[in-house]
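Coordinate inspection notes
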Amino acid sequence: TFAKDRFVEIEIILDDDLGLKIPNSAIVEKEFYLIPKQYLTRGGNGAQEGFMIETYDDSKSLIATGSGFCAYNENWIITNFHVIEGARHISVITDDGQTLDALAVTLFNKKEDLAILEINGELTPLTLGDGTKLRVKDKVTAIGSPMGERNTVSEGIISNADSNREIRISAPISHGSSGGVLLDK
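Some details on the overall build of the chain
Within the chain one finds two helices and 13 strands. Taking the intrachain contacts of the chain between residues at least 6 apart in sequence as the baseline, contacts between residues at least 24 apart amount to 64%. With an accessible surface of roughly 11,300 Å², the chain has 50% of that area assigned to carbon and sulfur atoms.

Given below as structure tokens:
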């Protein structure tokens, strides 16, 4: 209901001579992405802010890449569940190229698309932020690993923050960035 109150569905008909005239040059398409509020963190207190995750099948063939970040505990990596779903082996690759094996999927919630991996190393965890303090137009930075490029940075703004534990951001997020960190400072 919140989205229905704030947004209007429109249909643009380009091959009809009747109705309101809007020049094609005025039509823009902008993507917005829903990020769970628990992914918003405060930067600057961790040695590393995001990691690339690689998942493998039984024959050790790469099946997917994604992103993650260390939070709560020095050997926990948070990511999206769909990044690790179906994997038989999971590796976490740090900024400096160090590969850490996931020992276990400690917790997961398929419905919320969240997973916590326990790794065989110790990292400095980020402090999770308070999503209730977000305001429209606040600047954010998304860090992910699209197409295998570790810690790619995209900047954007909060375009909507509602009470449903989700926020909308304008920062572009590419394939492989799922599970990445969102920083507000």
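Details of the side chain of Ser 154
Positionally, Ser 154 belongs in strand E11 (residues 152-161). Judged by relative accessible area, Ser 154 falls into the buried class, the value being 16%. Not counting residues up to four positions away in its chain, the partners in contact with Ser 154 are Val 140, Thr 141, Ala 142, Ala 171 and Pro 172.

A look at the environment of Asn 75
Looking at the element boundaries, Asn 75 is found in the loop between strand E4 (62-70) and strand E5 (76-79). Looking at Asn 75, the relative accessible area reads 18%, which means it is buried. Residues Asn 75 and Ile 116 lie 41 residues apart in sequence; the distance between their C-alpha atoms is 9.8 Å. Non-local contacts of Asn 75, meaning those with residues more than four positions away in its chain, are made with Leu 117, Glu 118, Ile 119 and Gly 121.

Topic: the sheet that holds strand E3 (residues 51-56)
One closed barrel holds the six strands; their spatial order is E3-E4-E5-E8-E7-E6, and the pairing between them is antiparallel. Taken pair by pair, the neighbouring strands of this sheet meet at an average axis angle of 40 degrees, ignoring direction. Relative to E4, E3 runs antiparallel, the two sharing six bridges. Following the sheet pairing, Glu 54 is matched in E4 by Thr 65.

Considering the pattern of salt bridges
Per the counting criterion, the structure on display carries two salt bridges. A salt bridge links Asp 58 to Arg 88, with the nearest nitrogen and oxygen atoms 3.5 Å apart. You can see Asp 58 sitting in the loop between E3 and E4 and its partner Arg 88 sitting in the loop between helix H2 (81-84) and strand E6 (89-93), a full 30 residues away along the chain. Residue Asp 58 is classed as exposed on the basis of its relative accessible area of 65%.

A look at the packing of aromatic side chains
Across all of its chains, the model carries one aromatic pair by this definition. An angle of 25 degrees between the planes, with centres 5.1 Å apart, marks the rings of Phe 81 and Phe 108 as stacked. You can see Phe 81 sitting in helix H2 and its partner Phe 108 sitting in strand E7 (residues 99-109), a full 27 residues away along the chain.

Let's talk about the confidence of the model for the chain
Of all residues in the chain, 71% attain a pLDDT of 70 or more, and the chain-wide mean is 75. Overall, residues 1-6 carries pLDDT values under 50, and its contacts beyond four positions in sequence, including any with other chains, amount to three contacts. pLDDT under 50 marks residues 39-47. Its contacts with residues more than four places away, or in other chains, come to 46 contacts.

Some remarks on the environment of Asp 57
Positionally, Asp 57 belongs in the loop between E3 and E4. Spatially, the C-alpha atoms of Asp 57 and Ile 90 are 9.1 Å apart, while their sequence positions differ by 33 residues. Setting aside its immediate chain neighbours within four residues, Asp 57 contacts Ile 63 and Arg 88. A distance of 2.9 Å separates a polar atom in the side chain of Asp 57 from a polar atom in the side chain of Ser 59. Reaching out from Asp 57, the side chain makes a polar contact with the backbone nitrogen of Ser 61 at a distance of 2.9 Å.

Each value, and the rule that gives it
- Residues numbered from 1 in each chain as written.
- Predicted model: local features only at pLDDT ≥ 70, side-chain atom pairs only at ≥ 80, totals over all residues.
- Heavy atoms only, no water.
- Helix = DSSP H or I, 4+ residues; strand = E, 2+ residues; numbered from the N terminus.
- Contact = heavy atoms within 4.5 Å.
- Areas by Shrake-Rupley, 256 points an atom, 1.4 Å probe, with all protein chains shown as cover.
- Buried < 20%, exposed > 50% of the residue type's maximum accessible area, 1.4 Å probe, protein only.
- Pairing = 2+ DSSP bridges.
- Axes fitted to C-alpha atoms, helices over the stretch in contact; angles between N-to-C directions.
- Salt bridge = Lys/Arg side-chain N within 4 Å of Asp/Glu carboxyl O.
- Phe/Tyr/Trp six-rings, centres within 6.5 Å; stacked < 30°, edge-to-face > 60°.
- pLDDT = per-residue confidence, 0-100.
- Polar contact = N/O pair within 3.5 Å; in protein donor to acceptor, adjacent residues only side chain to side chain.

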